[in-house]
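Next come the chains, spelled out residue by residue.
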Amino acid sequence: MSVTKTKTSLHKRHDDLAQANKQLDILSGGIFADGELPTFAKKIKETNQFPLRPKKLEILQINVGYMCNQVCEHCHVDAGPDRKEIMTWETMEQCLEVIKNTGAHTLDLTGGAPEMNPHFRRFVEEASKAGIKDFIVRSNLTIIRANKKYYDLPDFFKKHNVHVVSSMPHWTRGKTDKQRGEGVFDLSIKALQELNERGYGMPDSDLRLDLVYNPNGAYLPSDQTGMEKDFKKALMEDFGIQFHNLFAITNLPIARFLDYLIASENYEDYMYQLVEAYNPSAVANVMCTNTISISWDGWLYDCDFNQMLDLKVNSKVKHISDYNEDLLNDRDIIISQHCYGCTAGAGSSCQGTVA
Amino acid sequence: MANTYYDPADLRKFGKITEWSEELGTKFFDYYGKVFEEGALTAREKALIALAVAHTEQCPYCIDAYTKDTLQRGVTKEQMMEAIHVGAAIKSGATLVHGTMMMNKVNKLEM
């Protein structure tokens, strides 16, 4: 079975929302411009947390390209098969130099589907030699079954002790396929079973397999612990699948999810939900305080979301070619109203809740 | 007065009812919050009960709130509709079971 591609990216469609500045205009206008809702800056000023500043760098997140075999409706990257932005080996070499010397304990490869970068395996092989404690690859699962050349990915991940983090929006076919494309659920189940067969996700295994849940629409994720129990029970009963942790991630109003919110007339209500669920204690631990995000072309960002909004770090060091961790850590983090997505409820990050 | 009795935006103002009666409002919301905590029933089971009751009460605010709440808790459309049918069955059953009163009365009145 293959994944049915029903859509193209906003970029391919030359949609206005493919432009970062158009998205930022929306996020700063309307209910935030007329004062109906407080801006994120105003909100964090209430608790003396403005400007937001980094703490110790813990995670280097590298986006190796926006190409993906899926076109998920909620994708903040606007990834898809038609995206051609792919990290070159030259930029990867610059990243490897940084990885060798960084104080970060986690390396987090993301995309698109990172496996589709032609240099992906060479990069993983080289990066794994640096001795980083936690080496994450964000795999969409279906890529493992997308083409014969990817069938051995579970063995490759195991060989390099990669920590696999995979999206799985629901334990039912209907909800999963609606968000991620027809056929995604069955392929994901097959891929999870293959990972389990290699030892990934098993209770006492060091081969880490975590799943990422994000809501199927204009609502916030529920309690992460409760959802994890539900996922574990259902996936075990229905398919004999095991995994370690579930990360509940809030959809941020960026790119295709923003497009969906506007088209479905849910935008204002969703922003109200985010603002009403604002949790000041989540602010202290938002991922931009311990992460640097590197784009396919080597630019540096506070997080993957700011990368998609083209909000480069507010630092003299803006590119991997000039990388300097001390200088980078001495910066103000760039914020806008999308940041409410990371501070709602129990907070949200690429590693799940933060509060 | 607005042109319509119900405005979806009013749901966001629910918490403001405490402003005109702080003690009672606060007690209500404390009670309400406690009711929906995990207990002998899970929070999801409670949300589904709330969704069914929201429909039998035909409360638009409650339907809005608990549709979203059950979705957040990973409840499927099929489960949500089944819950509403439970409410509908009780509602119609409650109507029909009163038919026994009518039957009793008819039996008493008729020779």
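Conventions adopted
Residues numbered from 1 in each chain as written. Chains lettered and ligands numbered in written order. Predicted model: local features only at pLDDT ≥ 70, side-chain atom pairs only at ≥ 80, totals over all residues. Helix = DSSP H or I, 4+ residues; strand = E, 2+ residues; numbered from the N terminus. Rg over C-alpha atoms; globule rule 2.2 N^0.38 Å. Buried ≥ 20, exposed ≤ 12 C-beta atoms within 10 Å, placed from the backbone. UniProt positions renumbered as here; feature names shortened; annotations may be inferred.

### So, the overall build of chain B
Step number 1: Tallying secondary structure elements over chain B gives 5 helices and 0 strands in all.
Step number 2: Counted from the first residue to the last, chain B has its helices and strands arranged as α-α-α-α-α.
Step number 3: Against the compact-globule benchmark of 13 Å for 111 residues, chain B has a radius of gyration of 19 Å, which places it well outside the compact range.
Step number 4: Its C-alpha atoms give chain B principal-axis dimensions of about 60 × 35 × 30 Å.
Step number 5: Within chain B, the fraction of its 111 residues that count as buried is 14%.

### Focus: unusual backbone geometry
Residue and element names in this part refer to chain A.
Step number 1: With an omega of -5 degrees, the peptide bond between F50 and P51 qualifies as cis.
Step number 2: Counting through the fold element by element, P51 comes out in the loop between α3 (40–45) and β1 (59–63).
Step number 3: Here G111 and G112 are connected by a cis peptide whose omega angle stands at 20 degrees.
Step number 4: Among the secondary structure elements, G112 is positioned in the loop between β2 (106–110) and α5 (120–128).
Step number 5: A positive phi angle is found at H14, which is not glycine, with a value near 55 degrees.

### Side note on the UniProt feature "domain: Carboxymuconolactone decarboxylase-like" (unreviewed entry) in chain B
Step number 1: In this structure's numbering, the residues bearing the UniProt feature "domain: Carboxymuconolactone decarboxylase-like" (unreviewed entry) are residues 23–95 of chain B.
Step number 2: Secondary structure within residues 23–95 of chain B divides into 81% helix and 0% strand; the distance between the first and last C-alpha atoms comes to 38 Å.

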